[in-house]
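Coordinate analysis (summary)
Given next are the chains, with one letter for each unit.
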Amino acid sequence: MTALAALPSWQALSAHYARIKDAHLRSLFADDPGRAERFSAEGAGLFLDYSKNRLTDETLRLLLALAAERGVAERRDAMFAGETINTTERRAVLHVALRAPRGTRIEVDGTDVVPEVHKVLDAMADFANRLRSGASTGHTGKRIRNVINIGIGGSFLGPEMAYRALRPFSDRSMTFRFVANVDGADLTEATQDLDAAETLFIVASKTFTTLETMTNAAAAREWLVRKLGTDAAVAKHFAAVSTNIGSATEFGITPANIFGFWDWVGGRYSMDSAIGLSTMIAVGPDHFRAMLGGFHAMDEHFRRAPAASNLPMLLGLLTIWYDNFFGAQTIGIMPYAAHLARFPAYLQQLQMESNGKHVGFDGGVVDYQTGPIIWGEPGTDGQHSFYQLLHQGTKLVPCDMIGFCQPLSPLTDQHDLLMANLFAQAEALGFGKTAEELKAEGSPDFQTPFRVTEGNRPTNMILADRLDPASLGSLVALYEHSVFTQGAIWAIDSFDQWGVELGKVLASHIIPELDRDVQPTLSHDSSTNALINRYRRMRR
């Protein structure tokens, strides 16, 4: 593949950047009254205003040329066709099949996978309906009222984020908790006030060997058996999301309560698979399928919309623009919705595990920046925390700002206040306030320099009608395909995660060194050796 810097479109963008890098949004808007209308697009229930970005028509034309020259559309089509685009693991990448309607045909190695997807969805729906109705009870005959999802990474972040986002649509008579951290405090707190006879654990691990998940699952099993007095209770109080039916059955889980998925589903792309079982139990099968409908609507938009009005492509290209030309290190995710409190954390894994790579398709080290750091908090919380740096700091931090026009709370006046803050912050970040404007407003001379905000801080505004299952699905798929676009341009495999493996391997060597009765012979670096020895002394 041609080196990125050698592409004509990349060279043209570099020259263009040199010409406009100091252009201010004040001037761009003053010179172009139709800018807001022209630099906006919508699809799958979402509206994107990207006019408050440091770009012109020429910038957009060149970014679209880059996408064409790098083959983004062709790689997208290869993904939807089930081709093996995850080359380092030799797998197809077909999370889009998880939300394909019945009757759609998507093949992997000549086999249509959509019927199997719906077979699992139907089994999940039957399980969820029986729990929600009380038809399926625990070992003592009591109704299940508590669900604890045990997972880590995508099998934790997705379900937790979705539950919090869709809590207004959930069964309020049930309690849902999520355990991931191997720190025993996580599970202890999750079970502290629960009746074991009313509690179901969902163990989410594709291989049923994930260290943190299986450690917590074993502790949960011990808690349940101790509380209910028999191993036989496990069958009524545990479900599994796994491909390892043998190990799950050996654990004590009945095969009917084991829900599978496939190696063409990456963990961070799995919240709409059986990994979402806790979500389906919380909101019900109908709402879960509405969420899948939102995912699919964005899939179709990404697949069919022209590049110039394709929301995921536009977001991905803007990330390239700031990451590789302006040198921005981070992107802020600012949802103005309390229910999306965990959305930035979810996107951290989606973006940073996917595109935090330094090796390209050809195995060579890339000579450009990839994978921005993702962070953020809900508005208006962040305004009284880190927005100071966004407005007056020395770092360029592009931000995605997300809002919903219809409130889910009956406190509608407060929703107007929330949205006023959303629009005001984007305006302030974009245009700031000059010393002259401050003086005209009566600012004291000694104070004026400290009150100046330069503006020219870029934002994307993403709006939907309301936060519901469909819009959540669309929103997640928007970012999935934005990440895909970035990876295609950087020529990196966005679907492997080899970087997380080294720490796991090293931990497996250290674990027996911590609990051995006799002093082990250590062969780590001097710092790690000293830390292990200090821990052993203090632990005992």
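Calculation notes
Residues numbered from 1 in each chain as written. Predicted model: local features only at pLDDT ≥ 70, side-chain atom pairs only at ≥ 80, totals over all residues. Heavy atoms only, no water. UniProt positions renumbered as here; feature names shortened; annotations may be inferred. Helix = DSSP H or I, 4+ residues; strand = E, 2+ residues; numbered from the N terminus. Rg over C-alpha atoms; globule rule 2.2 N^0.38 Å. Buried < 20%, exposed > 50% of the residue type's maximum accessible area, 1.4 Å probe, protein only. Contact = heavy atoms within 4.5 Å. Pairing = 2+ DSSP bridges. Core = buried A, V, L, I, M, F, W, Y, C linked by side-chain atoms within 4.5 Å.

- In the nomenclature of an unreviewed UniProt entry, the protein chain is known as Glucose-6-phosphate isomerase of Lichenifustis flavocetrariae.
- Comment text from UniProt for the protein chain, heading Sequence similarities (unreviewed entry), reads "Belongs to the GPI family."
- What UniProt records for the protein chain under Subcellular location (unreviewed entry) is the sentence "Cytoplasm".

**Describing the overall build of the protein chain**
- When helices and strands are tallied, the protein chain shows 22 helices and 13 strands.
- Relative to a compact globule of 540 residues, whose C-alpha radius of gyration would be 24 Å, the protein chain shows 25 Å and is just as compact.
- Relative to its full complement of 540 residues, the protein chain shows a buried share of 53%.
- Of all intrachain contacts in the protein chain linking residues separated by at least 6 positions in sequence, the fraction that spans at least 24 positions is 73%.

**A look at the pairing of strand β12 (residues 399-404)**
- Taking burial as the measure, the six residues of β12 include six buried ones, the bulk of the element.
- Burial along β12 is two-sided: the face carrying Cys399, Met401 and Gly403 and the face carrying Asp400, Ile402 and Phe404 are both buried.
- When strand β10 (residues 330-335) meets β12, the two strands line up parallel, connected through four bridges. The partner of Pro335 across the bridge, within β12, is Ile402.
- Strand direction decides the pairing type here: β12 and strand β13 (residues 459-464), joined by six bridges, are parallel. Pairing of Gly403 across the sheet is with Leu463, part of β13.

**Comments concerning the nonpolar core**
- If you look at the biggest cluster of nonpolar residues, it comprises 124 residues, and the most contacted ones within it are Trp264, Ile281, Trp321, Phe343, Leu472 and Tyr479.
- Not counting chain neighbours up to four residues away, the residues in contact with Tyr479 comprise Leu315, Ile333, Phe343, Leu347, Leu350, Asp400, Ile402 and Ile462.
- Counting 24 residues, the second-largest nonpolar core is a separate cluster that includes Ile150, Ala196, Ala233 and Phe238.

**Side note on unusual backbone geometry**
- Residues Gly379 and Thr380 are joined by a peptide bond in cis, for which omega reads 10°.
- Structurally, the position occupied by Thr380 is in the loop between β11 (373-375) and α16 (387-392).
- Residues other than glycine seldom take positive phi values, yet Ala44 does so here, at roughly 55°.
- Position of Ala44 relative to the elements: it lies in the loop between β1 (40-43) and β2 (46-49).
- If you check the backbone angles, Asp109 has positive phi at about 55° while not being a glycine.
- Tracing the backbone through its elements, the reader meets Asp109 in the loop between β3 (107-108) and β4 (111-112).

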